[in-house]
Amino acid sequence: MTDIHNNAVALEAVLNVFDAAQCEEIICCGDIVGIGPFPQQTVDKVMCIPGLIAVSGNHDRYLSEGIPEQEQMDTEEIAYHQWEREKLSKPAKDFITALPARIDLEIEAVTITVLHYPMNNRNEYYPLTGHLQANDFSRLLGGINSSITLFGHDHRQISYETGRKKYLNCGPLGCPSATRNIARGGILTVDNEHTAMDFIAVPYDVQKVIDEIDKINYPCADSIKHIFYGIK
């Protein structure tokens, strides 16, 4: 899973599917926080996942490191992140701060790299480039030697294979956009050296999330509903 974005309702729905499927490991490719109305509830749920494998995303880094100048956020966006920080407990902020940028692991002889998105030598994420093409994967992720790279940030489901490498993005769990009531995720099956990714689309009560945004009316709420929840 990736890009949960403070959507505790969608997270609960996806975790229920993982539990029913008897998944052995839960992997999160970052952006646990940001955007949504349930910061503390979301981090609490994530912190309770046994053996969680998780990395930081750009929104997690805004919380732990501050907002870099190159982001050029407007006043409302900055105010949202200040609101979010005030809503999170110290243990929650400590948990987010401790997340690494990348994890490399091996499952049944299959090497897997988990990251939010590729970064340059200044530890900055490369800009999103629209629909990733073959040369983009080579340029951005070609230096990773793992058989499978799991990533997020792009807010699109992506499955790309070249040679013996797979690049997989299960899509944003917490930002449904035009799909409104769908939380995205993926179940990766590893059987010796054979691997398969099944993307999942889990219905949930998105109106509960939107009602909470309206109730709180936190900074940037209208833009967030339009961009990330598909409300015109």
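Before reading on, note that the structure itself is shown above.
Now for a description of the structure that goes with this document. Remember, it's a predicted structure, so these values are computed and weren't measured experimentally. (Residues numbered from 1 in each chain as written. Predicted model: local features only at pLDDT ≥ 70, side-chain atom pairs only at ≥ 80, totals over all residues. Heavy atoms only, no water.)

Thoughts on the pattern of salt bridges
The tally for this structure, following the rule as stated, stands at 7 salt bridges. Between E124 and R122 there is a salt bridge, with its nearest N and O atoms 3.2 Å apart. The class for E124 is partly exposed, based on a relative accessible area of 25%. Judged by its relative accessible area of 56%, R122 falls in the exposed class. (Salt bridge = Lys/Arg side-chain N within 4 Å of Asp/Glu carboxyl O. Buried < 20%, exposed > 50% of the residue type's maximum accessible area, 1.4 Å probe, protein only.)

Regarding the sheet that holds strand 7 (residues 165-170)
Spatially, 5 strands are ordered 3-4-5-7-6 in an open sheet, and the strand pairing comes out mixed. The open sheet is flanked by strand 3 (102-107) and strand 6 (157-162), the only strands paired with a single partner. Strand-to-strand twist in this sheet, taken as the mean axis angle between neighbours without regard to direction, amounts to 15 degrees. Here strand 4 (residues 110-115) runs beside strand 5 (residues 148-150); their pairing, made up of 3 bridges, is parallel. Note on strand 5: the bridge partner recorded for I112 is I148. (Pairing = 2+ DSSP bridges. Helix = DSSP H or I, 4+ residues; strand = E, 2+ residues; numbered from the N terminus. Axes fitted to C-alpha atoms, helices over the stretch in contact; angles between N-to-C directions.)

Let's talk about the packing of helix 1 (residues 8-20) against helix 2 (residues 39-47)
Between helix 1 and helix 2, whose axes approach to 9 Å, the crossing angle comes to 25 degrees. Relative to helix 2, the element helix 1 lies roughly parallel. Every residue of helix 2 that contacts helix 1 at A8, L11 and E12 is listed here: Q41, T42, K45 and V46. (Parallel < 35°, antiparallel > 145°, perpendicular 65-115°, else oblique. Contact = heavy atoms within 4.5 Å.)

Thoughts on the packing of helix 2 against helix 5 (residues 90-97)
Running from N to C, helix 2 and helix 5 point in directions that differ by 60 degrees, and their axes come no closer than 10 Å. In the packing of helix 2 onto helix 5, the handedness of the crossing is left-handed. In contact with Q40, V43, V46 and M47 of helix 2, helix 5 contributes P91, A92, F95 and I96. Considered class by class, the residues forming the contact of helix 2 with helix 5 number 7 nonpolar, 1 polar and no charged. (Left-handed = near helix turned anticlockwise from the far one by under 90°. Nonpolar A, V, L, I, M, F, W, Y, C, P; charged D, E, K, R; others polar.)

Some thoughts on the nonpolar core
In this structure, M1, I4, F18, I32, L173, Y204 and Y229 are the most contacted members of the largest nonpolar core, which totals 43 residues. Put simply, the parts of the chain that give this core at least two residues each are helix 1, helix 2, helix 4 (75-87), helix 5, strand 8 (182-191), strand 9 (194-203), helix 7 (206-216) and helix 8 (221-229). Ranked by residue count, the leading element in this core is helix 1, at 8 residues. Setting aside residues up to four positions removed in sequence, I32 forms contacts with I4, H5, N6, T42, V43, V46, D60, F95, I96 and L99. One finds V55, L105, V110 and L168 within the second-largest nonpolar core, a separate group that totals 12 residues. (Core = buried A, V, L, I, M, F, W, Y, C linked by side-chain atoms within 4.5 Å.)

With respect to the layout of surface pockets
The computed volume of the largest pocket comes to approximately 850 Å³. The wall of the largest pocket is formed by 32 residues, among which N58, H59, Y62, E71 and M73 lie closest to the centre. Elements supplying a minimum of two residues to the lining of the largest pocket: helix 3 (58-65), helix 4 and helix 8. Ranked by residue count, the leading element in the lining of the largest pocket is helix 3, at 5 residues. Per-class residue counts for the lining of the largest pocket are 14 nonpolar, 10 polar and 8 charged. By volume, the second largest pocket amounts to about 550 Å³. Forming the boundary of the second largest pocket are 23 residues, of which C23, E24, E25, L188 and T189 lie nearest the centre. Put simply, the parts of the chain that give the lining of the second largest pocket at least two residues each are strand 7 and strand 8. It is strand 8 that provides the largest number of residues to the lining of the second largest pocket, a total of 5 residues. Broken down by class, the residue content of the lining of the second largest pocket amounts to 16 nonpolar, 4 polar and 3 charged. (1 Å grid on protein atoms, 1.4 Å probe; cavity = no way out; pocket = protein on both sides within 12 Å on 5 of 7 lines; lining within 4 Å. Points joined across faces, edges and corners; volume = space filled by probe spheres on them.)

Keep in mind these numbers describe shape, not what the thing actually does.
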